[in-house]
Amino acid sequence: VLHRQASVNVLLLAAAALCQSSSSSFNAALAFSHQHVVTVRPSQNAFDRRLEILPRSNNIITPINYSRRKSLALASSSDDTETTDTSSSSSTLKQDIYNVATLIGAQALLVPIAVFIAQFSNLPNIGLGSQFQIGSVAIVDGLRWTLPLFGVAGLLRIVEPYSNALKDVTKATQRSVLSVLGSTRRPFFALLVSCILGAVAGIGEEWLFRGVFQQLLTDKFGSSSISLAVSGLVFGLLHAVTPVYALLAGAASVFFGYLYNISHNLAVPMITHAVYDVFALMWAHWSVTGLEQEERDAILLNYQGAPVLSTNTYKEGHLNVSDDDDEDDSPKVYNS
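What counts, and at which threshold
- Residues numbered from 1 in each chain as written.
- Predicted model: local features only at pLDDT ≥ 70, side-chain atom pairs only at ≥ 80, totals over all residues.
- Heavy atoms only, no water.
- Helix = DSSP H or I, 4+ residues; strand = E, 2+ residues; numbered from the N terminus.
- Contact = heavy atoms within 4.5 Å.
- Areas by Shrake-Rupley, 256 points an atom, 1.4 Å probe, with all protein chains shown as cover.
- Patch = residues over 30% accessible without salt bridge, like charges linked within 9 Å, V, L, I, M, F, W, Y side chains within 5 Å.
- Salt bridge = Lys/Arg side-chain N within 4 Å of Asp/Glu carboxyl O.
- Buried < 20%, exposed > 50% of the residue type's maximum accessible area, 1.4 Å probe, protein only.
- Axes fitted to C-alpha atoms, helices over the stretch in contact; angles between N-to-C directions.
- Left-handed = near helix turned anticlockwise from the far one by under 90°.
- Nonpolar A, V, L, I, M, F, W, Y, C, P; charged D, E, K, R; others polar.
- Phe/Tyr/Trp six-rings, centres within 6.5 Å; stacked < 30°, edge-to-face > 60°.
- Lys NZ or Arg CZ within 6 Å of the ring centre and 35° of its normal.

### Looking at the overall build of the chain
Thought 1: Scanning the chain from terminus to terminus reveals 12 helices and four strands.
Thought 2: Across the chain, the fraction of contacts at a sequence separation of at least 24, relative to all contacts at a separation of at least 6, is 77%.
Thought 3: If you sum the accessible surface of the chain, you get close to 17,800 Å²; carbon and sulfur atoms cover 62% of it.

Structure follows, in structure tokens:
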């Protein structure tokens, strides 16, 4: 009994530390997103320098000569911009892959944590439960129970225009998707990443919070209702991006815990959780990449507490390279 009580405390500390680590990784990813969505264009100084080195006719700038030189300068700038865009696109994809790998790695840490605590607490089948089985019945039940989740999501979508709190939840989700999957619509890349993230989150979170944490709470209090409430509260707090986001995450946790209680098979909530996450990520990616560039910039820049671009590069909703006199035209980043 003492071992299991200690396990609850260890679990809370480990989950909090992992949440902090994931938050740091997310902020790093978000910082990069602020930089790679910047519109690349030559500064006025760069344009002037190009203008100076172009050939002159008897050192006299007539309107015609000036116009021709200006066109040549702009053409030269355009060529450089296209080259920069190509290299930037390649580096952006590499950074997106790095962000995804980091997030998957952080989520995957939930599995060894769950196994360690389960073994320490002598839980059956390393926390998966004695009746754990992935079969046709579990798959069908897991898919069937996604329908209520999609129904609630659709209802919230209808109510969202009338609720600023729900709009904040959507923006928080879009912000995360932009930071992880990037601002370019890449259906196959997004589907692959969504499937991996959905599977890792579904397995890891259900294993840790339902198979281990909820079971320990049930053993401690002797009540499945108390364990559902406490695990839902902790799960919601660890997902407290916004107050309503935390509330919805807590409600989802209670729902997944209920599925575990009635099925006695952890595979059912794992499948439900994973499938819902895949569709939710794909929908968020598809919708946010369909927005105008200015709207995507605003979603990233309005984030409180994460690195944002300096005010010199953000004017009236547009991300631009600063026209200051210094040689470095790259965007400046600071922590708000």
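There is more to say after this.
### A closer look at a nonpolar patch on the surface
Thought 1: A contiguous nonpolar patch, built from Ile134, Ile139 and Leu143 and spanning about 270 Å² of accessible area, is present on the exposed surface.
Thought 2: Inspection of the secondary structure puts Ile139 in helix H5 (residues 136–144).
Thought 3: Accessibility expressed as a relative area gives 39% for Ile139, which makes it partly exposed.

### What to know about the packing of helix H8 (residues 187–221) against helix H11 (residues 267–288)
Thought 1: It is at 8 Å that the axes of H8 and H11 come closest, and there the two elements cross at 145°. Seen from above, H8 lies across H11 with right-handed handedness.
Thought 2: Among the residues forming the contact of H8 with H11, the class breakdown is 16 nonpolar, five polar and three charged.

### Overview of the packing of aromatic side chains
Thought 1: For the structure shown, the criterion picks out seven aromatic pairs.
Thought 2: Ring plane angle 40° and centroid distance 5.3 Å describe the contact between Phe150 and Tyr276, whose orientation is recorded as tilted. Placement of Phe150 in helix H6 (residues 146–159) and of Tyr276 in helix H11 is noted, with a sequence separation of 126 residues between them.
Thought 3: Residue class for Phe150 comes out partly exposed when judged on its relative accessible area of 31%.
Thought 4: Among the aromatic side chains, those forming a connected cluster through ring pairs are Trp145, Phe255 and Phe256.
Thought 5: In this arrangement the basic side chain of Arg185 is found over the ring face of Trp286, its NZ or CZ atom lying 3.9 Å from the centre.
Thought 6: The cationic tip of Lys220 hangs over the ring face of Phe221; the distance from NZ or CZ to the ring centre is 5.7 Å.

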